[in-house]
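The primary structure of each chain is shown beneath.
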Amino acid sequence: VQLQASGGGLVQAGESLRLSCVASGMAFSVTPMNWYRQAPGMQREVVGTITPSGFANYVDSVRGRFTISRDNDKNTMYLQMNNLKPEDTAVYYCNTVLRTPGVGSANFWGQGTLVTVSS
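Since we're looking at a predicted model, the values are computed, not measured. (Residues numbered from 1 in each chain as written. Predicted model: local features only at pLDDT ≥ 70, side-chain atom pairs only at ≥ 80, totals over all residues. Heavy atoms only, no water.)

Asks: Can you break down the nonpolar core residue by residue, with the values?
Replies: Counting 27 residues, the largest nonpolar core has Trp-35, Met-77, Leu-79, Met-81 and Tyr-92 as its most contacted members. Excluding residues that lie within four positions of it along the chain, Met-81 makes contacts with Glu-15, Ser-16, Leu-17, Leu-19, Arg-65, Phe-66, Tyr-92 and Val-115. (Core = buried A, V, L, I, M, F, W, Y, C linked by side-chain atoms within 4.5 Å. Buried < 20%, exposed > 50% of the residue type's maximum accessible area, 1.4 Å probe, protein only. Contact = heavy atoms within 4.5 Å.)

Have a look at this one:
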């Protein structure tokens, strides 16, 4: 399983960015996916999750500003981030957990993409 995140960069407060996460080596269309972020000096936190059918949930701090979507034909998940704030500055990671009955679960992470929001 490989997860490749991209799309980060430096923006000003109020601007937008779209992150992408391309997955390979897994049955993407039937697998829930997650976005996490880790700000400097902070613990990694979940940003949101998306079901295989496209239903998304978000942490309160980004709800209404961020949108998670997916294109199962392209094995790609997206994170559209609007009205960015300096406190959104972090390394953003895509993630999935694959569960094998009778064996257990395995956590897979992308390499992270840095988002920096200046005030």
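Asks: Tell me what's going on with the pairing of strand β9 (residues 90-100), and back it up with residues and numbers.
Replies: Bridge count for strand β4 (residues 33-38) against β9 is five bridges, and the pairing is antiparallel. Among the inter-strand pairings, Trp-35 is bridged to a residue of β9, identified as Cys-94. For β9 and strand β11 (residues 113-118), the ladder comprises three bridges, and the chain directions are antiparallel. By the bridge assignment, Val-91 is partnered in β11 with Leu-114. Relative to strand β10 (residues 104-109), β9 runs antiparallel, the two being bridged by six bridges. Residue pairing in the sheet places Asn-95 in a bridge with Trp-109 of β10. Between β9 and β10, which follow one another and run antiparallel, lie three residues, and Gly-102 among them has a positive phi close to 80 degrees. (Pairing = 2+ DSSP bridges. Helix = DSSP H or I, 4+ residues; strand = E, 2+ residues; numbered from the N terminus.)

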